[in-house]
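Topology and contacts: notes
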Amino acid sequence: MDLVRGPGSNPTHSLPGMGDHPTAVSLFAGLVMALLHRERTGEGSLVSTSLLANGLWSSAAVTQGALTGADMDAHRQRQQEPGFLGKLYETRDGRWIGITMVRAGNEIKQLFAALDATDLLDDERFSTTPAQYEHRSALSAEVAARFSRRTAAEWMATFAQHGVPAALAPRSEDAVRDPQLEANSMVIDGDPSTGVGKLINHPVQVSALKRADVRRAPDPGEHTEQILREAGFGSDEIDELLSNGAAGLRGQPPRNVHCMPPLTPDASANDAGTADAPYYRPVADEIEIFSAAFAARLPVLLKGRRAAARPDSSSTWRGGSPRIQRSRRSGSPPSPATKT
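Since we're looking at a predicted model, the values are computed, not measured.

Here's the deal with the overall build of the protein chain
- Within the protein chain one finds 14 helices and five strands.
- Burial analysis of the protein chain (340 residues in total) assigns 22% to the buried set.
- For the protein chain, restricting intrachain contacts to residue pairs at least 6 apart in sequence, the fraction spanning at least 24 positions comes to 53%.
- Accessible area for the protein chain stands at about 23100 Å²; split by element, carbon and sulfur atoms hold 56% of it.

And the structure:
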């Protein structure tokens, strides 16, 4: 958030899913590599990634500098007043155009020609690249004044005529009308039962493989009984879980079961003083939730940042049971020794 903001503005939130989606693709890549390794060697692997790891990787171009002792205050100061090519410029109709891809000397000359501002290059403050950077505030103001005279469409047409690699900052409603989206299967037909006509597709394309069809996501509780039966619960046990609120059906979410006491109420959060206890720092009441699930013989599916917390290791240690990881090989029974 500190890196993605304009000069003088506050840090801004990322878009929903901006971290989740690339993290999912990273996990997919890890699974594919693990499956290939298993096919070649017969050895299974534990695959993991996290939002933290992917965020760090995404910002590595800058964060690596901090890791090697770079002066980040100086970096932030430079970002407060970038060179004139590193800015977005507002047009007469309120749109924004970027010119960051203008790099070579001839492109800069073409830019000033398109802006009808070649006279600026005769100004000694802007006549050379070092001078342009030294007086970047004044030059940016001159360029901004030119941009404000025309609409975005007029400027983009002018830049195309002059061969200037400018980019119009797209709005979401503009982006979804781009003909490249459907031509490259980036947008596909949705499931009619959902009432959604078009859906954004996942970004991975493999020519030899057919993409999975679009399907409606199940409602909460839609498959509760089916899953419990597959887990080995009988009809009476399922009825009991439903009646006491430990499980829920579609339209009937499970009731609060957090009141059940933890398995080891006298132990501290990290079981200090116990040499073989896995380290875990609770963030809410997850220890009680795991304890309730253990007491009710409920399987637990974890979703989240594995690198930041290990509630599975901690809770299985507390309950005195091994953590079971199911092999993806057909017919393989669950075993503490098998890994995906």
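Topic: helix H7 (residues 136–147)
- In this model, H7 (twelve residues) spans 16 Å end to end at C-alpha, consistent with the 16 Å of a helix rising 1.5 Å per residue.
- Taken together, the buried positions of H7 are Arg136, Leu139, Ser140, Val143, Arg146 and Phe147. Buried residues of H7, seen end-on, are gathered within an arc of 120° and therefore sit on one face of the element.
- Where H7 is buried, its residues contact strand S1 (88–90), strand S2 (96–98), helix H5 (105–114), helix H6 (129–134) and helix H8 (152–162).

Structural notes on unusual backbone geometry
- In this model, Asp116 sits at a positive phi of 55°, which is unusual for a non-glycine residue.
- Note on placement: Asp116 falls in the loop between H5 and H6.
- Asp116 sits in the exposed class, given a relative accessible area of 57%.
- Although it is not a glycine, Ser185 adopts a positive phi angle of roughly 55°.
- Its place among the elements puts Ser185 in the loop between helix H10 (179–183) and strand S4 (187–189).

With respect to the confidence of the model for the protein chain
- The share of residues in the protein chain with pLDDT of 70 or more is 78%, and the mean pLDDT across the chain is 79.
- Considering only residues more than four positions removed or in separate chains, one finds that residues 305–309, a stretch of pLDDT under 50, has eleven contacts.
- Note on residues 324–340: pLDDT is under 50 here. Beyond four places in sequence and across chains, it has 25 contacts.

Concerning the packing of H5 against H8
- Interhelical geometry of H5 versus H8 gives an angle of 135° and a closest axis separation of 9 Å. Considered as vectors, H5 and H8 are oriented oblique to each other. Crossing hand, H5 versus H8: right-handed. Taken together, the residues of H8 that come into contact with H5 (itself represented by Gln110, Leu111, Ala113 and Ala114) are Trp155, Thr158, Phe159 and His162.

So, the pattern of salt bridges
- All told, the structure shown has 14 salt bridges when counted by the stated rule.
- Of the charged contacts in the structure, one is a salt bridge between Arg76 and Asp73, with a shortest N-O distance of 3.0 Å. Of this pair, Arg76 and Asp73 both sit in helix H4 (residues 72–80), three residues apart, which is roughly one turn of the helix.
- Residue Arg229 pairs with Glu225 through a salt bridge whose shortest N-O separation is 3.9 Å. With Arg229 and Glu225 both in helix H11 (residues 224–230), this residue pair falls four residues apart, about one helical turn.
- Residue Glu225 is classed as partly exposed on the basis of its relative accessible area of 34%.
- Look at the salt bridges and you will find they share partners, linking Arg95, Arg171, Glu173, Asp174 and Arg177 into a network.

Structural notes on the packing of aromatic side chains
- A complete count under the given rule lists five aromatic pairs for this structure.
- For the pair Phe147 and Phe159, a centre-to-centre distance of 5.8 Å together with 50° between the ring planes defines the contact as tilted. Taken together, the positions of Phe147 in helix H7 and Phe159 in helix H8 put the pair twelve residues apart, joining distant regions of the chain. Accessibility classification places Phe147 together with Phe159 in one group, the buried group.
- When the ring of Trp155 is compared with that of Phe159, the centres are 5.5 Å apart and the planes differ by 15°; the resulting orientation is stacked. On the criterion of helical spacing, the pair formed by Trp155 and Phe159 is a turn pair, its members being four residues apart in helix H8.

Rules behind the numbers
Residues numbered from 1 in each chain as written. Predicted model: local features only at pLDDT ≥ 70, side-chain atom pairs only at ≥ 80, totals over all residues. Heavy atoms only, no water. Helix = DSSP H or I, 4+ residues; strand = E, 2+ residues; numbered from the N terminus. Buried < 20%, exposed > 50% of the residue type's maximum accessible area, 1.4 Å probe, protein only. Contact = heavy atoms within 4.5 Å. Areas by Shrake-Rupley, 256 points an atom, 1.4 Å probe, with all protein chains shown as cover. Expected span 1.5 Å × (residues − 1). Arc of directions from axis to C-beta. pLDDT = per-residue confidence, 0-100. Axes fitted to C-alpha atoms, helices over the stretch in contact; angles between N-to-C directions. Parallel < 35°, antiparallel > 145°, perpendicular 65-115°, else oblique. Left-handed = near helix turned anticlockwise from the far one by under 90°. Salt bridge = Lys/Arg side-chain N within 4 Å of Asp/Glu carboxyl O. Phe/Tyr/Trp six-rings, centres within 6.5 Å; stacked < 30°, edge-to-face > 60°.

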